[in-house]
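Now for the letters of each chain:
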Amino acid sequence: MADDTPLLLDRDARIKLSIGSTPQGDAGGQFDRPADGLLSSPLGLEFDHHRGLLLVSDNNNHRVQVFSCDDGSFVSKFGEEGSQPGQLHYPWGLAIDRDHDRILIVDCFNDRLQSWSLSDQSFLSCIGKKGSSRWRFRGARGIAVDKHHHRIIITDTHNHRLVFLSSIDLSFLFSVGGNEGSQPGEFKYPSGIAIDHDRHRIIVCDTFNHRVQVLSSIDGSFLLEFGSQGDQPGQLNNPFGVCVANQGRIIVADTSNNRVQSFTHQGHHISSFDCGTEYPQVVAFDEHRGLIALSAGHRVHVIGANQWLAD
């Protein structure tokens, strides 16, 4: 008999709205014809604060869906399963490059980066193929735009490195890491990535090292790290997603601990947000509306940041 007990996140008054639903009778969460608004493993989130929208990588359904931040209603979708230009195969990280009016999508299983028009959501271009040299990726996950240095940074997960591209022409600039390891500046399956623009820093979830690394956005050099494997406050277990909130606070999806944690910009623990039995995977912040979005299971939840984190 099905368990009808409400999930913890459904009972949390701090959540302003929830998007998607848990699929019934389908362990994989996939649908032959997935309905608009339903999600299956949302693994990328990005706020379009100018339009009041939230973009979601609907991973298992091989598409991106767009929702209203006001009420969570479905707005639009783009992408379909495949390997041709403009098709997607398990899309992961999302980023908006406003200077070039485009949406950037890490097309994970196609080992490439795709760009789509932010204005009308039409396909623009794609680069990359499987490998470990320039413009090649292996299971890339996260992406961030460094607007001050005109760069796009991708976590090339199975190559254990960060890849830096020019946001002007998508040319390869340099990479950091590349050898699996646990020393400062080395990575073991990095995933989520965010930019602290005010401090010119890159924040990276070094997932299988159970830590967060902070690097200089100028040259990718190591600055500091925080976290160690465990379930105590400030410890991490397979952190997948990260974003930077107001005052430089670092929000981490502490996935295998079923919680989201917040840290100061120096890496000191502030508080935790319990997700019950659900596994949070990615997080995003909308500074204009003071919203934090997190994916858990087959849903996306939006929290009022000031209802969780005091200023």
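Predicted, not measured: the structure shown is a model, and the values here were computed from it.

S.K.: Please give an account of the overall build of the chain that cites residues and values.
M.R.: Along the backbone of the chain there are 1 helix and 26 strands. Relative to its length of 311 residues, the chain is compact, with a C-alpha radius of gyration of 18 Å against a globular reference of 19 Å. Dimensions of the chain, computed from C-alpha atoms along their principal axes, come out at roughly 50 × 45 × 35 Å. By sequence separation, contacts in the chain at least 24 residues apart represent 44% of the contacts at least 6 residues apart. Of the roughly 12900 Å² of accessible surface on the chain, a fraction of 45% belongs to carbon and sulfur atoms.

S.K.: Which residues make up the pairing of strand β6 (residues 91-97), and what values do they have?
M.R.: The buried fraction of β6 amounts to 7 of the 7 residues, a majority that puts the element mostly inside the structure. The pairing of β6 with strand β7 (residues 102-107) spans 5 bridges and is classified as antiparallel. Residue pairing for β7: I96 is matched across the bridge by I103. Hairpin connection from β6 to β7: 4 residues lie between these consecutive antiparallel strands, with D101 at a positive phi of about 50°.

S.K.: Tell me about the pattern of salt bridges, and please be specific about residues and values.
M.R.: Summed over the entire model, instances satisfying the criterion amount to 16 salt bridges. The salt bridge partner of R51 is D48, with a shortest N-O separation of 3.1 Å. Across the pair R211 and E225 runs a salt bridge, and its minimum N-O distance is 3.1 Å. Note that R211 is positioned in strand β18 (residues 211-216) and E225 in strand β19 (residues 222-226), a separation of 14 residues in sequence.

S.K.: Give a detailed account of the packing of aromatic side chains, specifying residues and quantitative values.
M.R.: For the structure on display, the rule yields 8 aromatic pairs. For the pair W116 and F123, a centre-to-centre distance of 5.6 Å together with 80° between the ring planes defines the contact as edge-to-face. Centre to centre, the rings of F273 and W308 are 5.5 Å apart; their planes meet at 70°, and the pair counts as edge-to-face. On the criterion of sequence distance, the pair formed by F273 in strand β23 (residues 269-274) and W308 in helix α1 (residues 305-308) is long-range, its members being 35 residues apart. A residue is classified by how much of its surface remains accessible, and W308, at 10% relative accessible area, is buried. A network of ring pairs unites the aromatic residues F78, W116 and F123 as a single cluster. When the ring centre of W92 is taken as origin, the NZ or CZ atom of R141, which lies over that ring, is 4.2 Å away.

S.K.: Describe the side chain of Q87, listing the residues and the values that go with them.
M.R.: On the secondary structure map, Q87 appears in the loop between β5 (74-78) and β6. A residue is classified by how much of its surface remains accessible, and Q87, at 17% relative accessible area, is buried. Polar contacts involving the side chain of Q87 include one to the side chain of E80, which spans 3.1 Å. Excluding residues within four positions of it along the chain, Q87 makes contact with E80, E81, G82, D107, N110, R112 and Q114.

S.K.: Now, about the nonpolar core: what can you tell me, with residues and values included?
M.R.: Burial of nonpolar side chains together is a common tendency in soluble globular proteins. Core analysis: the largest hydrophobic core is formed by 18 residues, its most contacted members being I251, V260, F273, I292, L294, I303 and W308. Breaking this core down by element, the ones donating at least two residues are β21 (250-254), β24 (280-286), β25 (291-296) and α1. Broken down by element, this core gets its largest block of residues, 3 residues, from β25. Sequence-distant contacts of F273, that is, excluding residues within four places in its chain, are made with L9, D12, R14, I15, N258, R259, V260, I303 and W308.

S.K.: Account for the sheet that holds strand β14 (residues 161-166), naming residues and giving values.
M.R.: Strand pairs in the sheet, formed through backbone hydrogen bonds, run parallel or antiparallel to each other. Pairing within the open sheet is antiparallel, and its 4 strands lie in the order β12-β13-β14-β15. Only two strands of the sheet have a single neighbouring strand rather than two, namely β12 (143-146) and β15 (172-177). Ignoring which end each strand starts from, the neighbouring axes of this sheet average 20° apart. Pairing analysis gives 5 bridges linking β14 to β15, with the strands arranged antiparallel. Bridge assignment links L162 to a residue of β15, and that residue is V176.

S.K.: Talk me through the environment of I153; I want residue IDs and the actual numbers.
M.R.: Note that I153 resides in strand β13 (residues 151-156). Between the C-alpha atoms of I153 and R51, which are 102 residues apart in sequence, the distance is 24 Å.

S.K.: Account for the sheet that holds strand β17 (residues 201-206), with residues named and values stated.
M.R.: Across the sheet, 4 strands lie side by side as β16-β17-β18-β19; this open sheet has antiparallel pairing. Strand pairing shows two members of the sheet lacking a second neighbour, β16 (190-196) and β19, which therefore form its edges. When strand polarity is set aside, the average angle formed by the axes of neighbouring strands in this sheet is 20°. With 4 bridges connecting them, β18 and β19 associate as antiparallel partners. Along β19, the bridge assignment pairs V212 with F226.

Definitions and cut-offs
- Residues numbered from 1 in each chain as written.
- Predicted model: local features only at pLDDT ≥ 70, side-chain atom pairs only at ≥ 80, totals over all residues.
- Heavy atoms only, no water.
- Helix = DSSP H or I, 4+ residues; strand = E, 2+ residues; numbered from the N terminus.
- Rg over C-alpha atoms; globule rule 2.2 N^0.38 Å.
- Contact = heavy atoms within 4.5 Å.
- Areas by Shrake-Rupley, 256 points an atom, 1.4 Å probe, with all protein chains shown as cover.
- Buried < 20%, exposed > 50% of the residue type's maximum accessible area, 1.4 Å probe, protein only.
- Pairing = 2+ DSSP bridges.
- Salt bridge = Lys/Arg side-chain N within 4 Å of Asp/Glu carboxyl O.
- Phe/Tyr/Trp six-rings, centres within 6.5 Å; stacked < 30°, edge-to-face > 60°.
- Lys NZ or Arg CZ within 6 Å of the ring centre and 35° of its normal.
- Polar contact = N/O pair within 3.5 Å; in protein donor to acceptor, adjacent residues only side chain to side chain.
- Core = buried A, V, L, I, M, F, W, Y, C linked by side-chain atoms within 4.5 Å.
- Axes fitted to C-alpha atoms, helices over the stretch in contact; angles between N-to-C directions.

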